[in-house]
Amino acid sequence: MEYVRPKALGEALDALAAFDDPTPLAGGTDLMVEVNLNHRRPDVVVSLRSLDELRRWDDTWIGAGVTFARLEGADDPALAQLARTVGSPQIRAAATLGGNLGTASPAADSLPFLAAADAHVVLKSTAGERRLRWDEFFVGPKQTVRRPDELIVGVELPSRPERQAFAKVGVRQAMVISMVSCCVLRDPSGPTRVALGSVGPTVLRATDAEEVASQAARLTDTDLDEFQRRVSAEVRPITDHRSTAEYRRHAAGVVARRALERCLR
Amino acid sequence: MSVETRHRIRGGVGESVTRPDGVPKVCGAFQYLDDLRADGMLWAATRRATVARGRIVALDVGTASAMPGVHDVITFADVPGRPYQGQIVPDQPVLCDGEIRHWGEAIAVVAADDPETARLAAEAITVDVEELEPVVDVERALELGDVFRHFPVRRGDPEARGDVVVEGFYEMGTQDQAPLGTEAGLAVPDGHGGVDLWGPSQWTHVDHEQLVACLGLRPEELRVHISGLGGAFGAREDLTLQTHIALLALRTGRPVKQHYDRADSFAAHVKRHAARMWYRHEADRDGRLVKVEARMILDGGAYQMTSQAVIANAATFAVGPYRCPNTFVDAYVVRTNHPPAGAMRGFGTNQACFAAESQMDRLAAELGIDPLELRLRNALEPGDALATTGQVVTEPLPTSEVIRSVAALPLPDDEPGDDPLRLPGGTGLTTPPDRVVRGVGYAVGIKNLAFSEGFDDYAEARVTLTADGAEVHTAAIEVGQGMVTVLIQIARSALGIENVEVVFDDTSKIGSAGSSSASRQTQMAGGAVLRAAEAARSAALALAGGDDLDDLGVWRDGELVMTLAELAERGPISEWVRFRHPETEEPDENGQGRLHVDFSVAAHRAVVDVDPELGLVRVVQIDIAQDVGRVINPVQLRGQIEGGIAQGMGWAIMEELVFRDDGTVANPTFTDYLLPTILDMPPVEAVLVEQPGTWGPFGAKGMAELPTVSVTPAVVAAIRDATGKALRRVPVRPEDIVFGDG
């Protein structure tokens, strides 16, 4: 196995271009599990540890190398809330946002926030830069359009409302893979976005439900009932060892409604 | 007890003595099995089955054997002795015998220069499998007649009728012991055709017996040693990697080490039996049990392991700690193509307890009687006959007292507030405080102590006085439970000497102490140590003509008459004891007889907060009152209680090894086999009921299993109380709460 530790972003992109199927390594919290389980045996590992460029973070940009431990202190309430649910403190100290995007698990905790915020994923390679909206980037469970020579450098965050809520359903009080996760962003005047994880092949937006919620600054119980119903109707869950499709469909509606109610308070 | 020391011994029975292995474990200095090293050692890796059932049509180890760094590859054909192992019935092939009978079954093992080479070589073995239809349903196994043991109970009048009847089906999923330390071992050839083995064991002598048979060795050619275990809970009662590494060491002439990863560990060790149970309780208007009928089927998995003994426990504790004159039980443990089930903390009593206690709550509801009052009206006390076997309880058994004691503890009165960690869903922020419903549930458990059914159950110990103290020699195994401290405390109190060290002897140096299981070592190894220590003290006093013994030596009328060094020189004083508990009997054809030597009881109360709409549960508090005979070490005892509660609560709400329809395991990792974390663990209040028994040291009773047994039904009862749902299955999943029947 070859191990490369570039000192700057340019070097990293060169390294990614130079090898056949290079594996980028940041926190290693997904990759090393795969290696230890014998599911993956990378030939070339490109370490991103020394790339300060990836750790930049401000209101409109989160570098791929920002750890979830840092994101726990985010000004965006939903971002801070979701970061708190990622693994254990040890995992959060190592795991990065870029890794969450790269692995692209349907259960990835950061994705509902990024989808609700309509974030763009920025990829760089020696051939140039690509800027893809989240739904162009994720194409299936653990599948993205990233080419092997491309590096996820960060996400662009458009302006978003301050009213935000994130919720994640799991049977343990912490350190659990979600059965359903949900993020709601709401403008006080009405416009609302809701994204859900673990209930489809990729993170998804419940656009029919958004329509109901977005129609007014004040929502009635009937509106909330309809919002909940539409979320449940729009998600596309499966049954696996973690839960059933029926439960996920139900719980998606419940947590989305509750997240919206938190935004309304 | 006849022991009487003139001076007060420090660190004796009744004190919270700090365990000798505690600080080294916390500091990382303790030597666990996976820390063992030997010069020139090879590493082993196992190739396992990926299907639940199949026929191996081609097995080619050629490529693997030819890989640089690979020294040996073994398969079934290479086993020199009896190629089957198993402590009751040797039906488990040492390596797959041509038919794969469960997911994860070991097919071949490689020895190589390093772990990575061994792993790659194991992957390079060609295994062509023709898949066969697996048996994954216990009813189907029963239809096929594939029964490891049927335990019938026929007691009383089958035509007896009560005024009130409740009937129900119950189901329990498979639990894994999930010890933090995975299996590891080291085998070192002795250069004369024999081998020294360190492996994950709860009973080295029974391992030795099986291993010499499989390896084709004379008994003296194998020494099984004891070393640091990171937990057991029953998972180490049966062999895993021991046979493999011992064989590889013998064949290569090199020390061989193996350390399982978590996936190997899930595949290799026995599980707790999944269960399907049907119960029918009949009672009179006052709630007195008239008749209990039960049909229980436990999933034994592919091989017998300890299933025969497990089913006896399930059957004989089918009614719980209650009187009932008419009892009819058919308990079966059957063969399926799931990984083998075997011993786990509670050993068959847990499954019976869940169903029986669920029934008692339903009966109480049907009768309109308080559930605790119903239990008190039926409570099994000394002089009563066990509802199943008819065995009369002759030892103390404070059933009513544990029920009253736990009920008398104050309930937590605080509301959850808005701290998410105190709400269902925790950090997931799923649940606002106004969506939470609180519930309270009780359950009472009973467990036998030590081995049953006429087994010749003994423990050996030797106590030797040295120049500056005493050594306790034993083959009893410290699995993390704290037995080492208990043995030291017993020896101190019996000898009058404070400087006591426990020496864990290999199988060549001392006889069996029996298994560290069945809640037995405090009474059994402890009983042997007590008697050996008493004998050593008597011998010392007689030799020196004294009336007291301490760390300085023998005293007479307040004067030191002989130092320990002088004693050791004159002696040496070394007393060996083989201790047996009172005899038990095998059951007759109706399951009747004095099957068990002794019993203990415990009552749990669980308080839960539930979010019924999402089906999420947070356990708020769990309290227990337990019959412990006499407390030897209060801190360790409470530690066992808290750990046992965590384990039983885990089974109630999250722990399950999930099988796919094809018999393979869907979640053999800690990502998806969920164990409670510290955030899931509630505060525990424990009442220790001390009614000294007659045969345990200082009146102590074994206690380490019961905290696990009745907590599972108590938690489920609390969730039922909060939600009104029937909840017939464990673990209770969110969807069971949301969509389950009322």
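For the structure itself, look to the data block above.
Please read these numbers as outputs of a predicted model, since none were measured by experiment.

Asks: It is not clear to me how the nonpolar core should be interpreted in this structure. Could you clarify?
Replies: When a protein is soluble and globular, its nonpolar side chains tend to lie buried together. Core analysis: the biggest nonpolar cluster contains 99 residues, and Tyr279(B), Met296(B), Ile641(B), Ile653(B), Val715(B) and Ile719(B) have the highest contact counts within it. Non-local contacts of Val715(B), meaning those with residues more than four positions away in its chain, are made with Ala606(B), Val608(B), Val619(B), Ile622(B), Met649(B), Ala652(B) and Ile653(B).

Asks: It is not clear to me how the environment of Leu51(A) should be interpreted in this structure. Could you clarify?
Replies: All names here are of chain A. For Leu51, the position within the fold is in the loop between β3 (44-47) and β4 (57-58). Residues Leu51 and Gly65, 14 residues apart in the sequence, show an inter-C-alpha distance of 8.0 Å. The contacts of Leu51, once residues within four sequence positions are left out, are Pro6, Lys7, Ala8, Leu9, Ala12 and Leu151.

Asks: Got a minute to help me understand the sheet that holds strand β1 (residues 2-4) of chain A in this structure?
Replies: In a beta sheet, neighbouring strands are held together by backbone hydrogen bonds and run either parallel or antiparallel to one another. All names here are of chain A. Taken in spatial order, the three strands line up as β1-β3-β2 in an open sheet, and their pairing is parallel. At either end of the open sheet lies a strand with only one pairing partner, and these are β1 and β2 (22-25). Taken over all neighbouring pairs, the strand axes of this sheet differ in orientation by 25 degrees on average, direction set aside. Relative to β3, β2 runs parallel, the two being bridged by four bridges. Bridging from a neighbouring strand, Thr23 pairs with Val45 of β3.

Asks: What is the right way to read the interface of chain B and chain A from this model?
Replies: Many authors give the size of an interface as the accessible area that is lost as the parts come together. On the side of chain A, 35 residues touch chain B, which itself brings 42 residues to the contact. Each partner contributes to the roughly 3,000 Å² buried at the junction of chain B and chain A, and carbon and sulfur atoms together form 54% of this total. Run the count over chain B and chain A and you get six salt bridges. Linking chain B with chain A are 22 residue pairs in polar contact (both at pLDDT 80 or more), by the criterion used here.

Asks: Is there a simple way to explain the packing of helix α9 (residues 207-214) of chain A against helix α10 (residues 221-234) of chain A in this structure?
Replies: For any two helices packed against each other, one specifies the crossing angle of their axes together with the interaxial distance. Residues and elements named next belong to chain A. Interhelical geometry of α9 versus α10 gives an angle of 170 degrees and a closest axis separation of 8 Å. As the angle between them shows, α9 and α10 are arranged roughly antiparallel. On α10, the residues touching Thr207, Asp208, Ala209, Glu211, Val212 and Ala213 of α9 are Asp223, Glu226, Phe227, Arg230, Val231 and Glu234. Its residues assigned to classes, the contact of α9 with α10 comprises five nonpolar, one polar and six charged.

Reading the values: rules and limits
Residues numbered from 1 in each chain as written. Chains lettered and ligands numbered in written order. Predicted model: local features only at pLDDT ≥ 70, side-chain atom pairs only at ≥ 80, totals over all residues. Heavy atoms only, no water. Core = buried A, V, L, I, M, F, W, Y, C linked by side-chain atoms within 4.5 Å. Buried < 20%, exposed > 50% of the residue type's maximum accessible area, 1.4 Å probe, protein only. Contact = heavy atoms within 4.5 Å. Helix = DSSP H or I, 4+ residues; strand = E, 2+ residues; numbered from the N terminus. Pairing = 2+ DSSP bridges. Axes fitted to C-alpha atoms, helices over the stretch in contact; angles between N-to-C directions. Buried area = accessible area lost by both parts, 1.4 Å probe. Salt bridge = Lys/Arg side-chain N within 4 Å of Asp/Glu carboxyl O. Polar contact = N/O pair within 3.5 Å; in protein donor to acceptor, adjacent residues only side chain to side chain. Parallel < 35°, antiparallel > 145°, perpendicular 65-115°, else oblique. Nonpolar A, V, L, I, M, F, W, Y, C, P; charged D, E, K, R; others polar.

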